[in-house]
Amino acid sequence: MSERSALRVRLDRLTREFAKFGAVGGVGLLVDLGVFNLVRQVTELPVVRASVIATVVAIGFNYLGFRYFTYRDRDKSSRTKELTLFLLFSMAGLVIQNGILYAATYGFGWDTPLQSNFFKFFGIGVATLFRFWSYRTWVFRTLPAREAVQTAESFLEQAPRQSTRKQPDRVL
């Protein structure tokens, strides 16, 4: 396999991964915004608390989507570690996302429903960049065996054909 075709394969794989991540994230976005607006309409909770509740619900939904759709082919040997890392990075994303909403609401006084939804959406976007990087790098790791097999196959394809006949040992 040439360098160019190997790069193309990697880009195709990354594009498919990003599309699946986006599909799960898009539905998670709808869950997040839907729960956020429902909680704001039904309760008297402050904006950021309502947002945190919505984000936690979306995190649960997203884990299922990522594990069983986006990254279903990844290493499943240590689910406890995977879930722990997922929750850790998700909480960091929650802080990023809701920190932006907090700054807009309490720092600048932008608290109308339209402004709250805009800054919640903006915060989700910023946190998503962090989550994509951290999930693919640390949480849903690629199986090492698959990479090793692909590397070996590409090496074998590039290696010149050599005789399998054993050469006699020389005696001096």
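Analysis parameters
- Residues numbered from 1 in each chain as written.
- Predicted model: local features only at pLDDT ≥ 70, side-chain atom pairs only at ≥ 80, totals over all residues.
- Heavy atoms only, no water.
- Helix = DSSP H or I, 4+ residues; strand = E, 2+ residues; numbered from the N terminus.
- Buried < 20%, exposed > 50% of the residue type's maximum accessible area, 1.4 Å probe, protein only.
- Polar contact = N/O pair within 3.5 Å; in protein donor to acceptor, adjacent residues only side chain to side chain.
- Contact = heavy atoms within 4.5 Å.
- Patch = residues over 30% accessible without salt bridge, like charges linked within 9 Å, V, L, I, M, F, W, Y side chains within 5 Å.
- Areas by Shrake-Rupley, 256 points an atom, 1.4 Å probe, with all protein chains shown as cover.
- Salt bridge = Lys/Arg side-chain N within 4 Å of Asp/Glu carboxyl O.

A separate point is the side chain of R67. As for its position among the elements, R67 is in helix 2 (residues 47–70). Residue class for R67 comes out buried when judged on its relative accessible area of 0%. Of note is the side chain of R67, whose polar atom sits 3.0 Å from the backbone oxygen of Y71. Engagement of the side chain of R67 in a polar contact is seen with the side chain of E82, the distance being 2.4 Å. Those residues in contact with R67 that lie beyond four places of it in its chain are R72, R74, D75, K76, R79, E82 and F140.

A few words on the environment of F122. Looking at the element boundaries, F122 is found in helix 4 (residues 113–139). A relative accessible area of 44% places F122 in the partly exposed class. For the pair formed by F122 and Q97, sequence separation is 25 residues and the distance between their alpha carbons is 7.8 Å.

Another aspect to go through is a nonpolar patch on the surface. Side chains of V56, L83, L87 and M91 sit close together on the surface and give an oily, nonpolar patch of about 300 Å² of accessible area. Counting residues per element, the nonpolar patch draws most heavily on helix 3 (residues 79–107), at 3 residues. Structurally, the position occupied by L87 is in helix 3. Owing to a relative accessible area of 39%, L87 belongs among the partly exposed residues under this scheme.

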